[in-house]
Structure formats: C-alpha cells, structure tokens
Amino acid sequence: MSVSTSIELDPFKLAQALSGLNFVAGAFHPAASGKTFAVNNPATGQEVARAPFSEKADVDVAVAAAKKAQKEWAKLPARNRGKLVAECGRVLSEHVEELGRLIALETGKALRTESRIEASVLADMFVFFGGLASELKGETVPFHPDMMTMTVREPVGVVGAIIPWNVPLLLMAMKAAAALVAGNAVVVKSAEEAPLTVLRVTQIMNTVLPSGLFSILAGFGPECGAPLVEHPDVKKVTFTGSVETGKIVYKAAAEKLIPVTLELGGKSPMIICADADMDKAVAGAIAGMRFTRQGQSCTASSRIFVHESIHDEFVARVREKVDAMVMGDPLDEKTDIGTIISDGQFDRVKSYIALGRETKGATEIVLSAMPTDAKLDKGFFVQPRIFTGITNNDRIAREEIFGPVCCVIKWSDFDEVIAAANDSDYGLAATIWTTNLKMAMDATRRLEAGFVQVNQNLVVQPNLSYGGVKASGLGKEASLESMLEHFTHKKTIIINMQ
Ligand code: ADP
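Residues numbered from 1 in each chain as written. Predicted model: local features only at pLDDT ≥ 70, side-chain atom pairs only at ≥ 80, totals over all residues.

**A few points about the overall build of the protein chain**
Here's step 1: Within the protein chain, the secondary structure is distributed over 16 helices and 22 strands.
Here's step 2: Its C-alpha atoms give the protein chain a radius of gyration of 23 Å, near enough to 23 Å, the size a compact globule of 498 residues would have.
Here's step 3: When its C-alpha atoms are laid out on the principal axes, the protein chain stretches across 75 × 60 × 40 Å.
Here's step 4: Here the contacts in the protein chain between residues at least 6 apart in sequence split such that 72% fall between residues at least 24 apart. (Helix = DSSP H or I, 4+ residues; strand = E, 2+ residues; numbered from the N terminus. Rg over C-alpha atoms; globule rule 2.2 N^0.38 Å. Contact = placed C-beta atoms within 7 Å.)

See below:
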C-alpha cells in the first residue's frame, strides 16, 4: 500500500488515502486482524476514513522494529541525530497547510484560529529539539585525584507515547522530537478520535528517519494502549490524557518499574485584579479559556476569578467579543470556533451545562451563534457559555469539563482568592492579571501550578518546561531539562587510573 508524500491539500482525499493504515516498521500496514473503526468529521458526523483497530500483535511488530532501529540510532553521533530530527521539522514545515486542513477535518478545530497554527508549531518543535543534540552532556566529578569520575547521558531505549485528540500534533512532537534526539526509538499510540494527521506526520518523518525508529498505531486504550505500556521492551512511557487513564498507565508502568511522564487534566485558575489592564485581560481570558478550541484544552483557564469591582464590566466585555466570533465549518477561513470532537464529548459537555443550570445562584450566559448551514446540522457544535454567580465549591467549578464552559467567580480579598485558586485537585496552569508588581510576584510564588503566567497567555512554547503538579501529572515536557530528565539515564563511570 503506498500513499504519495507529495502535498495533498484536499483533506477528504488525503483522509481516504490514509484510511485503514498504521505506519509501522518503515511502511504502511493495516492491523494484523484486518479490523478497523470509523474516523468521523465532527462538523457533519459523517465518516471520512477508517483507522486500523490495532492490538497486541501490531504493538509487538512496532516495538520489535523500534528496538532494532534504536540500537543503530543510539550509535550515531548526537549531532547527526539532531540534524535528522531538525530535518524532520524542515520537511514538515513544507506540509503545514496540508496538515492543518487534515487536523481541522478530523478534530473539528477551526483551520484559521487553531489547526494551521498547531501544524506550524509541530514543525518548530522538531527544529528546536534537533538543535539540542549537543546538550546531551555529562559531568566530571572531583571524586578522587586518581580516579576519573564522570557521568554520561544514555538513551532509555524504546519509548511508548500515548496521546489524546485535542492537540495531537503538538503533543506528539513534544514527546517524539525530545525522545528521538536523546537516542531513543518511539512507538506512538494515537487517539481513537484523531488518528489521521499524526499518521501522515509519521509517514513524512519516515522519509528522513531510519526505518522502524518511529512508528504509529491507531487503536483504543485497552486493546492497543495497554499492550504498549505493558510490552517488556518498552522502557519508558510518556502519556497525555485523563487523570483516570493516567492512573491506569502509572500502575502498569509500576509493575515493570519503568519511568513515566504524565500530562493530565486541569481546572486552571485565572485571577483578574481590579487594577488589571481591562482590554488585555479580556483578550487574555478569551484566549486562556481556549474558546476557539471549544475549551478542549487541559490548560484552559476555566475558572476565572474576577475582582468584584470590575466583574460586571469584564463579563460584558467578554460577552461582546465572543458574540462576534463565528461558529461554523472548521475548514472555512471565516470560522473562529469549530466543533466538539465527538458525540461522547458532546453529551458530556451538555451534561455539564445542565449541571451549571441547576447550580444554586448560577446565571448562564450563552455566547456567539450556532451555524446556520444545513450541512452542519449533525455537527457537534456547542455555543460557548459563561456561568456567573457560582462558587469555587460548585461541581461545575471543580471538575474538568473539556468544553467551552467558563466559570466566572467574584472575589474581593487577595488571600482568599489565592486560596480558592489553589483549592482544586489540579495544578497545571495559573494566570494573574494585575499592574501591581508586588501582587504579581506574590501570586507567582503562592499559586500551586506548573505553568504560571502574569499578564499574558502563551500556550506551550519550545524550551519552556510544561507540566503540572497535584492531579495534573508528573514530569515536564517541551524543554531541554525535560529531554535530559525524562528521555535519558545518567550513568556514573569511575576509572581508577592507578
Ligand atoms: P481523553 O478523555 O482525552 O480521550 P483518555 O485518557 O481516555 O483521555 O485518552 C488518552 C489516550 O489514552 C488515548 O490515546 C486513549 O486511547 C489512551 N488510553 C485509554 N485507555 C488506556 C489504557 N488503559 N492504557 C493505555 N492507554 C489508554
């Protein structure tokens, strides 16, 4: 089976060309069982392709090829590996438009506001990590004058990477680029809702990398994800997904005593102080809430604490701006907001909206407008929502919704708002908007989160360590330290020269 690597800008055709395939051991293959499952366009509910229902037999083939390829890959000078990883980034950068369209088709994320940007960050991650190859350095230790004592960084071997559907390109790139540069092989298990674009990326990367070094399998958690984690030759697992699944993965890794990195959920607080620059804070809250991604982000600022003196003005300003956003076909350049990923998530988000309506004191504010195009009638569109009048103790403010539902909570006392922000199982990201430097610094020290921002709302950036505390996970990604800590072992060598 062969699919051309030349650029294909029609995502429907590309989806068809990739239908039913994994990319394993250097080539496209269907699942050994021949079983497949549907990949749907969430904007219409229609099937656009099939994906292989991979199982243990497919995992075994991918891991065996990875193990073999890794031995040779690790022998290459680090800079040569880095050059090849950076070259993956360069080649992928030529496919940004194509990858952006395909990811918009399969995830429902709008091309202009989300999908094209994600495709371009994907390429950047490979270029960034490729350049870090020479940083895989050890140390010399002044242990004894007659003993040359040093540490070296060695790869862990075959890495299993399990990714979700919300930003699959970015998350795959963060994991894969770092692991590869460090001398590892990688087998990715894609998310069942979004297997196509990451498959295309793998095909493109395989035009640069040695055969078998980087494989991808589509499939479901228990049948494909679990055998990957449990495989005896997988020596490290990096996982992004829900807290529940993260715990299952952690337990399975503990059985084998292998290290894991876990990027899990969030219910990230954003604090808006009375002295904040209102224009910037409003824009930052809309960006932070990820309304253009239908709120489907673990870092979404889904708990916004607004000082009581500016609460009403803030809500009115957010409302005005989000009302002006266009919901519609993700592939249409006019669209700001696309769809929820799947019927399952659609039902889950709607059940939280129902819960919000039942919450004592809550006021629901419905924003933007449903698309009117009849061909989108069966799409999983949910209008963005704000719930005001609630407290941090309400379920809607405590549980991760992963949808366009934002809780706005009034505050008046700074110590109390910091305590409320920290009163959460999660600790992924936190943001504060204030022009008072002392308050800003105080908050950055006290907020329990892995990624804290003041007066801005950046998403994951190359070389800024990203990852949470508490139930949001273990370990960091996207940076030099994360590559060294999570994708290498430090070996101590003592040479007695006497
Ligand atoms: P989400 O709610 O974002 O889909 P999940 O945690 O269910 O989060 O899924 C994240 C990834 O974990 C997906 O690729 C999914 O298939 C995979 N997964 C689900 N269950 C397991 C499991 N038992 N072992 C390994 N991976 C799993």
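Still to come is the rest of the account.
**Concerning the UniProt feature "domain: Aldehyde dehydrogenase" (unreviewed entry) in the protein chain**
Here's step 1: Residues annotated by UniProt as "domain: Aldehyde dehydrogenase" (unreviewed entry) correspond here to residues 32-493.
Here's step 2: Structurally, residues 32-493 comprises 40% helix and 21% strand, and the distance from its first C-alpha atom to its last is 44 Å. (UniProt positions renumbered as here; feature names shortened; annotations may be inferred.)

**A short note on the UniProt feature "active site" (unreviewed entry) in the protein chain**
Here's step 1: Using the residue numbers shown here, the UniProt feature "active site" (unreviewed entry) corresponds to Glu263.
Here's step 2: Leaving out residues up to four positions away in the same chain, Glu263 has contacts with Thr240, Cys298, Gly467, Gly473 and Glu477.

**So, the domain arrangement of the protein chain**
Here's step 1: Here the protein chain is described as being made up of domain 1 (11-264 + 472-493) and domain 2 (269-462).
Here's step 2: Computed from C-alpha atoms alone, the centre-to-centre distance between domain 1 and domain 2 is 30 Å.
Here's step 3: With 26 residues of domain 1 at the interface, the matching set in domain 2 holds 28 residues.
Here's step 4: Looking at the side of domain 1 that touches domain 2, the elements with two or more residues in it are helix H4 (96-107) and helix H5 (111-130).
Here's step 5: For the side of domain 1 that touches domain 2, the element with the most residues is H5, which contributes 8 residues.
Here's step 6: Looking at the side of domain 1 that touches domain 2 residue by residue, the class counts come to 11 nonpolar, 8 polar and 7 charged. (Domains from an automatic or database assignment. Nonpolar A, V, L, I, M, F, W, Y, C, P; charged D, E, K, R; others polar.)

**Let's talk about the nonpolar core**
Here's step 1: Core analysis: the largest hydrophobic core is formed by 152 residues, its most contacted members being Leu169, Ala177, Ile272 and Phe305.
Here's step 2: Ignoring any residue separated from it by four or fewer positions in sequence, one finds Ala177 in contact with Val85, Met125, Phe126 and Phe129. (Core = buried A, V, L, I, M, F, W, Y, C linked by C-beta atoms within 7 Å. Buried ≥ 20, exposed ≤ 12 C-beta atoms within 10 Å, placed from the backbone.)

**Regarding the site of the ligand**
Here's step 1: Close to the ligand lie 17 residues, the nearest being Gly221, Gly225, Gly241, Ser242 and Thr245.
Here's step 2: Counting only elements with at least two residues in the shell around the ligand, the list comes to helix H8 (221-230) and helix H9 (243-256).
Here's step 3: Of the residues assigned to the shell around the ligand, the class counts are 10 nonpolar, 5 polar and 2 charged. (Near = placed C-beta within 6 Å.)

**Details of the sheet that holds strand S19 (residues 451-454)**
Here's step 1: A sheet is described by the order of its strands in space; here 7 strands give the open sequence S14-S15-S16-S13-S12-S18-S19, paired in mixed fashion. Each edge of the sheet is formed by a strand with only one pairing partner; in this case those strands are strand S14 (363-366) and S19. With strand direction ignored, the average angle separating the axes of adjacent strands in the sheet is 20 degrees.
Here's step 2: Strands S14, strand S15 (385-388) and strand S16 (405-411) of the sheet are contacted by helix H12 (residues 343-358), whose axis makes an angle of about 30 degrees with S16. (Pairing = 2+ DSSP bridges. Axes fitted to C-alpha atoms, helices over the stretch in contact; angles between N-to-C directions.)

**Some details on H4**
Count 3.6 residues to each turn of an α-helix, and residues three or four apart come out pointing the same way.
Here's step 1: With 12 residues, H4 should cover 16 Å at 1.5 Å per step; its first-to-last C-alpha distance of 16 Å lies within 8% of that length.
Here's step 2: The buried fraction of H4 amounts to 10 of the 12 residues, a majority that puts the element mostly inside the structure.
Here's step 3: Buried within H4 are the following residues: Glu98, Leu99, Gly100, Arg101, Leu102, Ile103, Ala104, Leu105, Glu106 and Thr107.
Here's step 4: Looking at the packing, one finds that the buried side of H4 touches helix H1 (11-18), strand S3 (36-41), strand S4 (46-52), H5, helix H6 (168-181) and helix H7 (196-205).
Here's step 5: Once H4 ends, the next one or two residues include Gly108, with phi positive near 80 degrees. (Expected span 1.5 Å × (residues − 1).)

**Side note on the pairing of S19**
Here's step 1: Going residue by residue along S19, you find Phe451 and Gln453 tucked away on one face and Val452 and Val454 left uncovered on the opposite face.
Here's step 2: Examined bridge by bridge, strand S18 (residues 429-433) and S19 share 4 bridges and lie parallel to one another. Residue pairing for S19: Ile432 is matched across the bridge by Val454.
Here's step 3: The parallel pair S18 and S19, bridged by helix H15 (residues 437-446), forms a crossover whose chirality is right-handed. (Right-handed = clockwise from strand over helix to strand, strands pointing away.)

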